[in-house]
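Here is what each chain is made of, one letter per residue.
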Protein chains: 2
Amino acid sequence: MTIREQRMDIAVGSSHVCATIVAPETLLPGILFVHGWGGSQERYLERARVIAELGCVCLTFDLSGHAATSLRFETVTREHNLQDLLAAYDTLIAQPNVDPAQIAVVGSSYGGYLAAIATSLRPVQCLALRVPALYVDSGWEIPKLQLRKEQNLEAYRETIIAAEANRALLACSQFGGDVLLVQSEFDHRIPPAVISNYREACVQARSLTYRLMRGADHGLTDESKSQAYTALLSTWLREMVFDIRRRAGG
Amino acid sequence: MTIREQRMDIAVGSSHVCATIVAPETLLPGILFVHGWGGSQERYLERARVIAELGCVCLTFDLSGHAATSLRFETVTREHNLQDLLAAYDTLIAQPNVDPAQIAVVGSSYGGYLAAIATSLRPVQCLALRVPALYVDSGWEIPKLQLRKEQNLEAYRETIIAAEANRALLACSQFGGDVLLVQSEFDHRIPPAVISNYREACVQARSLTYRLMRGADHGLTDESKSQAYTALLSTWLREMVFDIRRRAGG
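Keep in mind the model is a prediction, meaning the values are calculated, not measured.

Caption draft 1: Geometry of the packing of aromatic side chains. Scanning the model with the defined rule gives 12 aromatic pairs over all chains in all. Their ring planes at 20 degrees and their centres at 4.6 Å tell us that Trp37 of chain A and Phe73 of chain A sit as a pair that is stacked. Within this pair, whereas Trp37 of chain A is found in the loop between β3 (28–34) and α1 (42–52), its partner Phe73 of chain A is found in the loop between β4 (57–61) and α2 (78–93), the two being separated by 36 residues in sequence. Seen in terms of ring centroids, Tyr110 of chain B and Tyr113 of chain B are 6.5 Å apart; in terms of plane orientation they differ by 20 degrees. Their pairing is stacked. Taken together, the residues span about one helical turn, with Tyr110 of chain B and Tyr113 of chain B both in helix α3 (residues 110–118) at a distance of three residues. By the ring-pair criterion, three or more aromatic residues cluster together here, those being Trp37, Phe73, Tyr110, Tyr113 and Tyr135 of chain A. Above the ring of Tyr110 of chain A, the side-chain terminus of Lys144 of chain A is found at 5.2 Å from the ring centroid. Its guanidinium or amino end placed over the ring of Trp140 of chain A, Arg167 of chain A lies 4.5 Å from that ring's centre, counting from NZ or CZ.

Caption draft 2: The arrangement of the interface of chain A and chain B in detail. Taken together, the contact pairs 48 residues of chain A with 48 residues of chain B. Counting the surface lost from both chain A and chain B, the interface buries some 3,600 Å², and carbon and sulfur atoms represent 57% of this. Linking chain A with chain B are four salt bridges. For Arg7 of chain B, the salt bridge identified is with Glu42 of chain A, shortest N-O distance 2.8 Å. Taken together, the connections running from chain A to chain B amount to 12 residue pairs in polar contact (both at pLDDT 80 or more). For the side of chain A that touches chain B, the elements supplying multiple residues, two or more each, are β1 (3–12), β2 (15–24), α1, β4 and α2 of chain A. It is β2 of chain A that provides the largest number of residues to the side of chain A that touches chain B, a total of 10 residues. Of the residues that constitute the side of chain A that touches chain B, the class distribution is 26 nonpolar, 13 polar and nine charged. Inspection of the sheet shows β4 of chain A paired to strand β2 (residues 15–24) of chain B by four bridges, in the antiparallel sense. Directly across from Leu59 of chain A, in β2 of chain B, lies its bridge partner Ile21 of chain B.

Caption draft 3: Representation of the sheet that holds β2 of chain A in the model. Across the sheet, eight strands lie side by side as β1(A)-β2(A)-β4(B)-β3(B)-β5(B)-β6(B)-β7(B)-β8(B); this open sheet has mixed pairing. Every interior strand has two partners, whereas the edge strands, β1 of chain A together with β8 (207–217) of chain B, have only one. Neighbour-to-neighbour, the strand axes of the sheet open up by a mean angle of 20 degrees, direction not taken into account. Pairing of strand β5 (residues 98–108) of chain B with strand β6 (residues 126–130) of chain B involves five bridges; the strand directions are parallel. By the bridge assignment for β6 of chain B, Ala104 of chain B is matched with Cys126 of chain B.

Caption draft 4: Here's a closer look at the layout of surface pockets. A volume near 610 Å³ is recorded for the second largest pocket. Along the lines of polarity and charge, the residues of the lining of the second largest pocket split into nine nonpolar, 12 polar and nine charged.

Caption draft 5: Highlighting the state of the cysteines. Counted under the stated rule, the structure contains zero disulfides over all chains. The thiol sulfur of Cys172 of chain A is not disulfide-bonded, and the nearest other cysteine sulfur, from Cys202 of chain A, lies at 4.4 Å. Its relative accessible area of 1% is what places Cys172 of chain A among the buried residues. Just so you know, Cys58 of chain B is unpaired, no disulfide at all, and the nearest cysteine sulfur is the one on Cys56 of chain B, 5.9 Å from it.

Caption draft 6: View of helix α2 (residues 78–93) of chain B. With 16 residues, α2 of chain B should cover 22 Å at 1.5 Å per step; its first-to-last C-alpha distance of 23 Å lies within 8% of that length. Every buried residue of α2 of chain B is accounted for by Arg78, Asn81, Leu82, Asp84, Leu85, Leu86, Ala87, Ala88, Tyr89, Thr91 and Leu92 of chain B.

Caption draft 7: Summary view of the relation of the copies chain A and chain B. Between the two copies, chain A and chain B, the superposition gives an RMSD of 0.0 Å; the rotation angle is 180 degrees and the shift along the axis is 0.0 Å. Here the symmetry operator amounts to a two-fold rotation axis. The C-alpha atom lying nearest the rotation axis in chain A is that of Pro96 of chain A; the distance is 3.0 Å.

Caption draft 8: Summary view of the packing of α2 of chain B against α3 of chain B. Residue and element names in this part refer to chain B. Running from N to C, α2 and α3 point in directions that differ by 65 degrees, and their axes come no closer than 10 Å. Here α2 is positioned roughly perpendicular relative to α3, judged by the angle of their axes. Relative to α3, the crossing made by α2 is right-handed. Mapping the contact onto sequence places Arg78, Asn81, Leu82, Leu85 and Leu86 in α2 and Tyr110, Tyr113, Leu114, Ala115, Ile117 and Ala118 in α3. Along the lines of polarity and charge, the residues of the contact of α2 with α3 split into nine nonpolar, one polar and one charged.

Cut-offs and rules
Residues numbered from 1 in each chain as written. Chains lettered and ligands numbered in written order. Predicted model: local features only at pLDDT ≥ 70, side-chain atom pairs only at ≥ 80, totals over all residues. Heavy atoms only, no water. Phe/Tyr/Trp six-rings, centres within 6.5 Å; stacked < 30°, edge-to-face > 60°. Helix = DSSP H or I, 4+ residues; strand = E, 2+ residues; numbered from the N terminus. Lys NZ or Arg CZ within 6 Å of the ring centre and 35° of its normal. Contact = heavy atoms within 4.5 Å. Buried area = accessible area lost by both parts, 1.4 Å probe. Salt bridge = Lys/Arg side-chain N within 4 Å of Asp/Glu carboxyl O. Polar contact = N/O pair within 3.5 Å; in protein donor to acceptor, adjacent residues only side chain to side chain. Nonpolar A, V, L, I, M, F, W, Y, C, P; charged D, E, K, R; others polar. Pairing = 2+ DSSP bridges. Axes fitted to C-alpha atoms, helices over the stretch in contact; angles between N-to-C directions. 1 Å grid on protein atoms, 1.4 Å probe; cavity = no way out; pocket = protein on both sides within 12 Å on 5 of 7 lines; lining within 4 Å. Points joined across faces, edges and corners; volume = space filled by probe spheres on them. Disulfide = S-S within 2.5 Å. Buried < 20%, exposed > 50% of the residue type's maximum accessible area, 1.4 Å probe, protein only. Expected span 1.5 Å × (residues − 1). Least-squares fit on C-alpha atoms with pLDDT ≥ 70 in both. Parallel < 35°, antiparallel > 145°, perpendicular 65-115°, else oblique. Left-handed = near helix turned anticlockwise from the far one by under 90°.

So this is what it looks like as structure tokens:
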């Protein structure tokens, strides 16, 4: 256990007394989970419980247009959901036992796309992207649901895209933390070219961990694959959290 | 590890998203150390480090009139020092990782006397008194240094005193938490009658642990006795802390 000592003056009336706090270090890493389009936080709760057991504070949330606000499914935009993510981030780092210098964002598909962009707007040390989606930058204010048709996404996702030409890839190219990138072998939504674009973008990452999940589909509908991803994420976070603490001299 | 889950709404613009925090419980017991007359927090730091290793947040402090403020040694009153103690208590419970429902106050000699009184002014779950001193209630505002002469303390401390007749004993008689009372066999300042008065006063204590330290003097000047007290305190606190957590369903 790491014990910290902190000298302080305590005011007593017009004078003060000298005091010392001797206490175990209990600030923990914070992990923010961002679900994909059509998902909800419920799917991440089991995963969050496993990660919390590592000694992390986890936050899951429902993106606008999902779960209780599903009436807005057809009108919600990327900007709305990005604001959701940032509000969730701000709530996570405001928890009294969270170390703001140890934040990981974990996103799948559309949630991975948003998570990548968030690294350009908030301090993030670790970024886990499972089958991250990719969209054209334009039309930022039109409903997310219309993007597939409006942006001819199937073709877009088969092309090689330079980091400067896409907001999410640009954020990845400027991200200096640790990256986990997970691909599914049988992914009918996110073709290998998208994963390659993300991987190529991470030129400044402190570490890059790329894994292909054999036999897995986009949504990890097979429960054993879902558990395998939780194990993979858990192993990676454990390594990264200990690494961050070691760098911080903890 | 105890994991807590907390549902919450996070405001985003004029709307909100539903979120869940999944986190290890990291609120720790707080332990306040109160040194005796003529002492200083330095003597308690080693002890505080041992107790912190149990998973407790410890606070030591210098009473007014001691260490940096020793110029006031001759003028400081019991009221001044009681206010010091209360300010230190308030600082301890304000630490973000301290559970205000798990506070122990540990005092020796004059510090034990003040600690006993503090239980009537602040919520305390565990009270450890080593060779607690006793003073007459009157003259509350005269300098502490004059009490021995003014109050004929040597005679006072050989008498049987009813709890209602003394502020510290009255506080003990109304204290419903766990009490540790430690006597030194060769104590030339605090005769056995004082310890008996304290012990008799603790009629409502949830638990009472009385120990006589064989061969020990008032100030535990023998290093092995000092270490033995640290071990005794550590064992008692460990039992009490786990007991408080069990009662809280932790």
